[in-house]
Amino acid sequence: MAFFQFEFLQNALLTGLMIGLLAPVLGVFIVVRKQALIADSLSHITLAGIAANLLLGKGSSLFAGLNPVYMGMAFSVAGAILIEQLRKVYKHYEELAIPIIMSAGIGLSVIFISLADGFNTDLFNYLFGSIISVSRSDVWTIFAVLVVVLVVLGALYKELFVLSFDEEQARLSGIKGGWILLVFMALTALVIAASMKIVGILLVSSLMTLPVAASIRLARGFKQAFVLSVVFGETAVISGLFLSYYLDLASGGTIVICSVIILLLTMLYKKWSVSKGGKYVESNS
């Protein structure tokens, strides 16, 4: 196939497969904790890091040669830490931490972009995703993130499971939720920053929530939600990448629309199955 003849398309596919695994897996915990907007908040602070790198690169050869993803990761992890700290400050209004960091990210992004004399092609690619901009170094960066995330999630799965459903009960059970949630937030920040090239900063939160939203319509348990989320995430990424290449569309938007279609199909299937079940019961009563 022509798709596999070019190295940048191979890079995009490898990167997409890893993101299609990482984003939904973390998204399950995020959705269960009812903090879906965290991904949006961290994506905006990541944008500030990208814009800062592009600004500094204009005046320094050191930053000019630095992959903007690394600066984005640094800003994103810092934003994740600040969110957790703000949740402690606003104990009775924890949800305020998310819009505070989101607002700060938007403000910093606008300032850095204006100082850098506005948008350029690189920044546009980070905003909306571009398969032609994915390099081999991006593949290895995301692979490293993949290994770290899977190892940490495997080690902290039970604690995160309890914390996601009942944080107060977890504390009473002796689970030290503070540092565990901080680590989880840092992992989320890394995945968001690493996903920018394929999905785009402004769309990455969709890949963390839409496959999960589709999976919980069908899943009969927490573990099944994990499996279905990954299946839906990978399906959206693969189909989105192929469609974006052959139809000459933006990869990020195409992947998100594929995720929306999958969500709509699961909702229709659920409605149909419930309706069919209802008719079956009625006919046998």
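Residues numbered from 1 in each chain as written. Predicted model: local features only at pLDDT ≥ 70, side-chain atom pairs only at ≥ 80, totals over all residues. Heavy atoms only, no water.

Some words on the overall build of the protein chain
The condition is simple: Secondary structure follows DSSP: runs of H or I at least 4 residues long count as helices, runs of E at least 2 residues long count as strands, and numbering of each begins at the N terminus. Burial classes: relative accessible area under 20% of the type maximum marks a residue as buried, over 50% as exposed, and values in between as partly exposed (1.4 Å probe, protein chains only). We call two residues contacting when some pair of their heavy atoms lies within 4.5 Å.
For the protein chain, the count of helices and strands is 13 helices and 0 strands. Along the protein chain, helices (α) and strands (β) appear in the sequence α-α-α-α-α-α-α-α-α-α-α-α-α when read from the amino end. By the burial criterion, 49% of the 285 residues in the protein chain qualify as buried. Partitioning the intrachain contacts of the protein chain with sequence separation of at least 6 by distance along the chain shows that 77% fall at a separation of at least 24.

Notes on helix H12 (residues 222-246)
Worth spelling out the cut-off: A helix is expected to span 1.5 Å for every residue after the first.
Helix length check: H12 (25 residues) gives 36 Å between terminal C-alpha atoms against 36 Å at 1.5 Å per residue, within 8%. Once H12 finishes, aspartate 248 follows within two positions and takes phi at roughly 55°, a positive value.

Digging into the packing of helix H4 (residues 68-89) against helix H5 (residues 97-115)
Two quantities define a packed helix pair, namely the angle between the axes and the distance from one axis to the other. Selection criterion: Only the stretch in contact is used when a helix axis is fitted, and all axes are lines through C-alpha atoms; the angle between N-to-C directions ranges over 0 to 180 degrees. Should the near helix be turned counterclockwise from the far one by less than a right angle, the crossing is left-handed, whereas a clockwise turn marks it as right-handed. Amino acids outside the nonpolar list (Ala, Val, Leu, Ile, Met, Phe, Trp, Tyr, Cys, Pro) and the charged list (Asp, Glu, Lys, Arg) are all regarded as polar, and Gly is one of them.
Relative orientation of the contacting elements H4 and H5 amounts to 145°, with a least axis distance of 9 Å. The element H4 and its partner H5 pack so that their crossing is right-handed. Taking contact as the criterion, the partners of Phe75, Gly79, Leu82, Ile83, Leu86 and Arg87 in H4 are, on H5, Ala97, Ile100, Ile101 and Phe112. Residues belonging to the contact of H4 with H5 are distributed by class as follows: 8 nonpolar, 1 polar and 1 charged.

A short note on the nonpolar core
Grouped burial of nonpolar side chains is what soluble globular proteins tend to show. Rules: We call a set of buried residues a nonpolar core when its members are Ala, Val, Leu, Ile, Met, Phe, Trp, Tyr or Cys and they connect through side-chain atoms within 4.5 Å of each other.
Grouped together as the largest cluster of nonpolar side chains are 80 residues, with contacts concentrated most on Leu42, Val149, Leu153, Ile198 and Met208. Per-element tally for this core: the top contributor is helix H1 (residues 7-32), with 12 residues. The contact partners of isoleucine 198, leaving out residues within four places of it in the chain, are Ala12, Thr15, Gly16, Ile19, Gly129, Ser130, Ile131, Val134, Leu241, Ser251, Gly252 and Ile255.

Points about the UniProt feature "transmembrane region" (unreviewed entry) in the protein chain
In plain terms, the rule: UniProt positions are given in the numbering used here, feature names are shortened, and annotations may be inferred rather than shown by experiment.
Residues annotated in UniProt with the feature "transmembrane region" (unreviewed entry) correspond here to residues 12-32, 62-84, 96-119, 139-157, 178-195, 201-219, 226-246 and 252-269. Strand forms 0% of residues 12-32 and helix 100%; the C-alpha atoms that close the span are 30 Å apart. Between the end C-alpha atoms of residues 178-195 the distance is 26 Å, and the span holds 94% helix and 0% strand.

Digging into helix H7 (residues 136-165)
For an α-helix the count is 3.6 residues per turn, leaving residues at separations of three or four pointing the same way. So the rule is basically this: The reported bend at a residue is simply the angle between two axes, fitted to the 7 residues ending at it and to the 7 residues beginning with it.
Along H7, the sharpest kink reaches roughly 70°, centred on leucine 156. Within the sequence span of H7, burial applies to Asp138, Val139, Thr141, Ile142, Val145, Leu146, Val149, Leu153, Leu156, Leu160, Leu163 and Ser164.

Examining unusual backbone geometry
Although it is not a glycine, aspartate 248 sits at a positive phi angle of roughly 55°. Considering the arrangement of structural elements, one finds aspartate 248 in the loop between H12 and helix H13 (251-283). On the basis of relative accessibility, which here comes to 71%, the residue aspartate 248 falls in the exposed class.

Remarks on the confidence of the model for the protein chain
Caution applies to low-pLDDT parts of the model: their predicted coordinates are not meant to be read in detail. Worth spelling out the cut-off: Residue-level confidence of the predictor, termed pLDDT, takes values from 0 up to 100.
Put simply, the protein chain has an average pLDDT of 81, and 89% of its residues get 70 or more. When the elements of the protein chain are averaged for pLDDT, helix H3 (residues 61-64) gives the smallest value, 60, and H12 the largest, 90. Residue range residues 280-285 is modelled with pLDDT below 50. Its contacts to residues more than four positions away, or to other chains, number 0 contacts.

Re the packing of helix H11 (residues 204-215) against H12
Keep this limit in mind: Convention used here: angles under 35 degrees read as roughly parallel, angles over 145 as roughly antiparallel, angles from 65 to 115 as roughly perpendicular, and any remaining angle as oblique.
Where H11 meets H12, the closest approach of the two axes is 8 Å, and the angle between their N-to-C directions is 125°. By the angle between their directions, the pair H11 and H12 is classed as oblique. Handedness of the H11/H12 crossing: right-handed. Judged by residue contacts, Leu207, Pro211, Val212, Ala214 and Ser215 of H11 engage Ala225, Leu228, Ser229, Phe232, Gly233 and Val237 from H12. Split by residue class, the contact of H11 with H12 holds 8 nonpolar, 3 polar and no charged.

Remarks on the environment of isoleucine 198
Of note, isoleucine 198 is situated in helix H10 (residues 196-199). Spatially, the C-alpha atoms of isoleucine 198 and isoleucine 131 are 5.8 Å apart, while their sequence positions differ by 67 residues.

Describing the environment of leucine 182
Inspection of the secondary structure assignment puts leucine 182 in helix H9 (residues 177-194). Each C-alpha atom of the pair leucine 182 and glutamate 84 lies 6.4 Å from the other, and the pair is 98 residues apart in sequence. Residues in contact with leucine 182, not counting those within four places in the same chain, are Ala80, Ile81 and Glu84.

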